[in-house]
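Here are the chains, one letter per residue:
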Amino acid sequence: MTSIPATTPTVPPSAASLPSAAVPASEGSDGSQLHAPVTDWFDAHARDLPWRRPEAGAWGVMVSEFMLQQTPVSRVLPVYEQWLARWPRPADLAAEAPGEAVRAWGRLGYPRRALRLHAAALAIQERHGGDVPREHGQLLALPGVGEYTAAAVASFAYGQRHAVLDTNVRRVFARAVTGRQFPPNATTAAERKLARALLPGDERIAAKWAAATMELGALVCTARSPECGRCPIAARCAWKLAGSPPHEGPARRTQTYAGTDRQVRGKLLAVLREALAPVPQAALDAVWDEPVQRARALDGLVSDGLVEPLPGGRYRLPRT
């Protein structure tokens, strides 16, 4: 998952000259004028996603948060449902070999997340009797759980008051409050401070606010084609009131896939996921022609714990 400059974003000549309904939110605001419009919009437009349903529980929320990192909802849905059908509790996953988590991860990408989720399930079983902990600090102490995931699980599963900052939320805040098209490439201390300042004081409303701002960024305030006409806070959006100025900061990172080591790693893992027995080197050699890159990708998989080398030049998904 640079800092927000302290200077006030450019806005029309005088906020005082704007109609009262069009006064922009500001970095010094407590966000109270944004809460009701955003949460009301969420009540009317939120998607019916399985991890938002009461039956998902804290474990379902945690699984979704691991899977949704850098992966769109449409790709996550079928894998999530298969995962929860097979491992409805942390103890069920903890009882399996970590390689089975990698196998079930399929083609979601970034498969180290599968190993981390398996390690988290083990820790939940060993430290918390199989129940996902409620306390933010205990969540943060789980393997593979960072500040974002801990806050998201505490907020979405247990209704607690935490600032939940993913890419979508950061973009909404950058535009609505700081008047910039995009947030910095990496989350900054200034963004975290702003997110905390914008949190509603009421715990229940704060939890809904966290989910609502995330949904607003995913459906309306998108990176490429924001639909300002559908936005419930367009009249107070600092970026829109400033004329929607283009991004002036460092170039935004873009990710390529074709021809990269990531692609080779994916092809190698695909062979291993489909195999029920150890795979010979020759079967892996067949998936990529360039031997140096192929060897580098395989070495990386072994180093990351995603592949286990065996005697005789054979490989398998990890058993321990």
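Residues numbered from 1 in each chain as written. Predicted model: local features only at pLDDT ≥ 70, side-chain atom pairs only at ≥ 80, totals over all residues. Heavy atoms only, no water.

For the protein chain, an unreviewed UniProt entry supplies the name Adenine DNA glycosylase and the organism Streptomyces catenulae. On record in UniProt, under Cofactor (unreviewed entry), the comment for the protein chain is "[4Fe-4S] cluster". We quote the UniProt Catalytic activity (unreviewed entry) comment for the protein chain here in full: "Hydrolyzes free adenine bases from 7,8-dihydro-8-oxoguanine:adenine mismatched double-stranded DNA, leaving an apurinic site." (UniProt positions renumbered as here; feature names shortened; annotations may be inferred.)

Caption draft 1: Molecular detail of the sheet that holds strand E1 (residues 279-280). Taken together, three strands build an open sheet; the order of strands is E1-E3-E2 and the sheet is antiparallel. Edge strands, defined here as strands with exactly one partner in the open sheet, are E1 and strand E2 (308-310). In the sheet, E1 pairs with strand E3 (residues 314-316) via two bridges, with the strands oriented antiparallel. In the strand pairing of E3, Val279 is matched with Tyr315. (Pairing = 2+ DSSP bridges. Helix = DSSP H or I, 4+ residues; strand = E, 2+ residues; numbered from the N terminus.)

Caption draft 2: Spotlight on the packing of helix H1 (residues 32-45) against helix H11 (residues 203-219). The contact between H1 and H11 brings their axes to 9 Å, and the two run at 70°. The angle between H1 and H11 places the two elements in the roughly perpendicular class. The residues of H11 that touch H1, namely those facing Leu34, His35, Val38, Thr39, Trp41, Phe42, Asp43 and His45, are Lys208, Trp209, Ala211, Ala212, Thr213, Glu215, Leu216 and Leu219. Residues that form the contact of H1 with H11 fall into these classes: nine nonpolar, four polar and three charged. (Axes fitted to C-alpha atoms, helices over the stretch in contact; angles between N-to-C directions. Parallel < 35°, antiparallel > 145°, perpendicular 65-115°, else oblique. Contact = heavy atoms within 4.5 Å. Nonpolar A, V, L, I, M, F, W, Y, C, P; charged D, E, K, R; others polar.)

Caption draft 3: Structural detail: the packing of aromatic side chains. Enumeration according to the criterion identifies four aromatic pairs in this entry. Ring centres of Trp51 and Tyr80 lie 5.1 Å apart, and the angle between their planes is 80°; this geometry places the pair in the edge-to-face category. With a gap of 29 residues between them, Trp51 in the loop between H1 and helix H2 (57-68) and Tyr80 in helix H3 (residues 73-86) connect regions that are remote in the sequence. Among the residues examined, Tyr80 registers a relative accessible area of 4% and is labelled buried. Seen from their ring centres, Trp83 and Trp87 are 4.6 Å apart, and the 75° between their planes marks the pair as edge-to-face. Given the relative accessible area of 1%, Trp83 is considered buried. Taking relative accessible area as the criterion, Trp87 reaches 1% and is therefore assigned buried. An aromatic cluster of at least three residues, connected via ring pairs, comprises Trp83, Trp87 and Trp105. Over the face of the ring belonging to Trp239 we find Arg175, whose NZ or CZ atom lies 4.9 Å from the ring centre. (Phe/Tyr/Trp six-rings, centres within 6.5 Å; stacked < 30°, edge-to-face > 60°. Buried < 20%, exposed > 50% of the residue type's maximum accessible area, 1.4 Å probe, protein only. Lys NZ or Arg CZ within 6 Å of the ring centre and 35° of its normal.)

Caption draft 4: Quick look at unusual backbone geometry. You will see that Tyr110, though not glycine, has its phi angle at about 45°, which is positive. Of note, Tyr110 is situated in the loop between helix H5 (98-105) and helix H6 (112-128). One non-glycine residue, Ser244, lies in positive phi territory at about 55°. The residue Ser244 is located in the loop between helix H12 (238-241) and helix H13 (261-274) in this model. Its relative accessible area of 32% is what places Ser244 among the partly exposed residues.

Caption draft 5: Local environment of the pattern of salt bridges. Under the criterion given, the structure shown has 15 salt bridges. Taking the shortest distance from any N to any O, the salt bridge between Asp43 and Lys208 comes out at 2.9 Å. Taken together, the positions of Asp43 in helix H1 and Lys208 in helix H11 put the pair 165 residues apart, joining distant regions of the chain. Residue Arg170 is joined to Glu191 by a salt bridge in which the shortest nitrogen-to-oxygen separation is 2.9 Å. Of this pair, Arg170 sits in helix H9 (residues 167-176) while Glu191 is found in helix H10 (residues 189-198), placing the two residues 21 residues apart along the sequence. Residues Arg170 and Glu191 agree in their burial class; the two are buried. Via salt bridges that share partners, Arg86, Glu96, Glu100 and Arg103 belong to a single interconnected network. (Salt bridge = Lys/Arg side-chain N within 4 Å of Asp/Glu carboxyl O.)

Caption draft 6: Main features of a positive patch on the surface. Taken together, the side chains of Arg75, Arg107, Arg262 and Lys267 make up a positively charged region of the molecular surface. Along the chain, the position of Arg75 falls in helix H3. Overall, Arg75 belongs to the partly exposed group, its relative accessible area being 39%. (Patch = residues over 30% accessible without salt bridge, like charges linked within 9 Å, V, L, I, M, F, W, Y side chains within 5 Å. Areas by Shrake-Rupley, 256 points an atom, 1.4 Å probe, with all protein chains shown as cover. Lys, Arg positive; Asp, Glu negative; His and termini not counted. Charge placed at Lys NZ, Arg CZ, Asp CG, Glu CD.)

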